[in-house]
Amino acid sequence: MNSLFGDESNAGGAAHSSAHDLADLNPQQAAAVTHLGTPLLIVAGAGSGKTRVLTRRIAYLLATRKAYPNQILAITFTNKAAAEMRHRVEELVGPAARAMVVSTFHSACARFLRRDADLLGYTKTFAIYDQTDALSLLKRVIESLDYDAKVHKPRTVLTAISNAKNELLTPEQFAARASNYAERVQSEIYADYQNRLRVANAMDFDDLISNMVRLLREHPEVAARYRANFRHIMVDEYQDTNVAQYELIRELVGIGGEAPLAELCVVGDADQSIYAFRGATIRNIDEFERDFPAATTIML
């Protein structure tokens, strides 16, 4: 198989015996580590060893050659968590872990889009605007449209735009949903803001995910390439995913066919969602089994 991110021939490496040894795990943890086939939901509260289980699961897949490192995509919410996961797996299986893609949603999408952004009308060297850049651009948009920035505050408008993007709403769809004057103004600003981003060959953080979803949906050949490459997809803190992040996972897994092409494992705590302000929805945990009828649920 031709890998997107790494050479499969260099993906091996000696695995430490601890990657195979499950004696230190309780029955639920061992079941989660060794589960194969159907989508897996691991419900884990604080102190239940979820990070340990996730890293041991990755190590188990590598050590038993159920997967090569470059076939694993592990998504976390912070760069610190991604670095810790990579480090812990490397302690278990050695340098082979370096060929895995362990990343945040945004970093992973930025990396992927560098390959295929031209299919969406960007160059592969597109700029990524952080919040400071986005606010600066938004202030210029508000001024150019002759709106009062004291009434339509840039941070408030940016939050509205971010929420819309997290729900995968285009400016046109956002405008269609507008129910009052403020939202109609925000939709106008959103449209101009997005046009200026495109002219500048730039994406903001929310665009990274929404554009990756769009890429996978509009270009089946690209989706097929990613699905063929990533055979094991793992998501930590699944309860904190918003609509766009959830749809990204669905597209990468390949839901909608006879069966998902990738094996999906998500870890979440149904009693805790710290990113509700970013559009995270506990529905993703509550309805996992409905979205994935063949799913297995393991309570740690």
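Residues numbered from 1 in each chain as written. Predicted model: local features only at pLDDT ≥ 70, side-chain atom pairs only at ≥ 80, totals over all residues. Heavy atoms only, no water.

What to know about helix H8 (residues 181-199)
- For H8, with 19 residues, the first-to-last C-alpha span of 28 Å sits near the 27 Å given by 1.5 Å per residue.
- What H8 keeps buried is the set Val185, Gln186, Ser187, Ile189, Tyr190, Asp192, Tyr193, Gln194 and Leu197.
- Looking at the packing, one finds that the buried side of H8 touches strand E4 (127-129), helix H5 (131-144), helix H6 (154-166), helix H7 (171-177), strand E5 (202-204) and helix H9 (205-218).
- Its side-chain oxygen 3.2 Å from the backbone nitrogen of Ala182, Asn180 forms the N-cap of H8.
- Two residues or fewer past H8, Asn201 is found with a positive phi of approximately 55°. (Helix = DSSP H or I, 4+ residues; strand = E, 2+ residues; numbered from the N terminus. Expected span 1.5 Å × (residues − 1). Buried < 20%, exposed > 50% of the residue type's maximum accessible area, 1.4 Å probe, protein only. Contact = heavy atoms within 4.5 Å. Polar contact = N/O pair within 3.5 Å; in protein donor to acceptor, adjacent residues only side chain to side chain.)

Some thoughts on the packing of H5 against H8
- The geometry of H5 relative to H8 is characterised by a closest axis approach of 10 Å and an angle of 125° between their N-to-C directions. In terms of orientation, H5 lies oblique with respect to H8. Crossing hand, H5 versus H8: right-handed. Only Ile189, Asp192, Tyr193, Arg196 and Leu197 of H8 make contact with H5, whose side of the interface consists of Ala134, Leu137, Leu138, Arg140, Val141, Ile142 and Ser144. (Axes fitted to C-alpha atoms, helices over the stretch in contact; angles between N-to-C directions. Parallel < 35°, antiparallel > 145°, perpendicular 65-115°, else oblique. Left-handed = near helix turned anticlockwise from the far one by under 90°.)

Notes on unusual backbone geometry
- The backbone of Arg65 sits at a positive phi, close to 60°, despite the residue not being glycine.
- Counting through the fold element by element, Arg65 comes out in the loop between helix H2 (50-63) and strand E2 (72-76).
- Positioned with a positive phi, Leu168 is a non-glycine residue whose angle comes to about 60°.
- Considering the arrangement of structural elements, one finds Leu168 in the loop between H6 and H7.
- Its relative accessible area of 21% is what places Leu168 among the partly exposed residues.

Considerations on the packing of aromatic side chains
- Considering all chains together, one arrives at seven aromatic pairs under this definition.
- Taking 5.0 Å as the distance between ring centres and 55° as the angle between the ring planes, the aromatic pair formed by Phe112 and Tyr226 counts as tilted. Of this pair, Phe112 sits in helix H4 (residues 105-116) while Tyr226 sits in helix H10 (residues 220-229); the two residues are 114 residues apart in sequence, bridging distant segments of the chain.
- By relative accessible area, which is 1% here, Phe112 ends up buried.
- Where Phe112 meets Phe230, the ring centres are 5.8 Å apart and the plane angle is 40°; that geometry is what we call tilted. (Phe/Tyr/Trp six-rings, centres within 6.5 Å; stacked < 30°, edge-to-face > 60°.)

Concerning the layout of surface pockets
- Each pocket or cavity is described by its volume, and for the second largest pocket that value is around 480 Å³.
- Breaking the lining of the second largest pocket down by element, the ones donating at least two residues are H7, H8 and H9.
- Classifying every residue of the lining of the second largest pocket gives seven nonpolar, five polar and seven charged. (1 Å grid on protein atoms, 1.4 Å probe; cavity = no way out; pocket = protein on both sides within 12 Å on 5 of 7 lines; lining within 4 Å. Points joined across faces, edges and corners; volume = space filled by probe spheres on them. Nonpolar A, V, L, I, M, F, W, Y, C, P; charged D, E, K, R; others polar.)

Description of the sheet that holds strand E3 (residues 101-104)
- Taken in spatial order, the six strands make up an open sheet running E3-E2-E6-E7-E1-E8, and their pairing is parallel. Across the chains shown, the open sheet's two edge strands, defined by having one partner strand only, are E3 and strand E8 (296-299). Pairs of neighbouring strands in the sheet enclose a mean axial angle of 15°, with direction left out of account.
- Note: E2 against strand E6 (residues 232-235), four bridges, orientation parallel. Looking at E6, one finds that Leu73 is bridged to Ile233.
- Lying over the sheet, helix H3 (residues 79-93) contacts E2 and E3, oriented at roughly 160° with respect to E3. (Pairing = 2+ DSSP bridges.)

Some words on the nonpolar core
- Met212, Ile233, Leu248 and Leu264 are the most contacted members of the largest nonpolar core, which totals 43 residues.
- Elements that contribute at least two residues to this core include exactly strand E1 (40-43), E2, H4, H9, H10, E6, helix H11 (243-253) and strand E7 (263-268).
- In this structure, Ala32, Val53, Ala59 and Val93 belong to the second largest nonpolar core, which totals 29 residues. (Core = buried A, V, L, I, M, F, W, Y, C linked by side-chain atoms within 4.5 Å.)

Side note on the confidence of the model for the protein
- When pLDDT is averaged along the protein, the result is 87; 87% of the residues meet or exceed 70.
- Across residues 7-17, where pLDDT falls below 50, the model places 23 contacts with residues more than four positions away in sequence or in other chains. (pLDDT = per-residue confidence, 0-100.)

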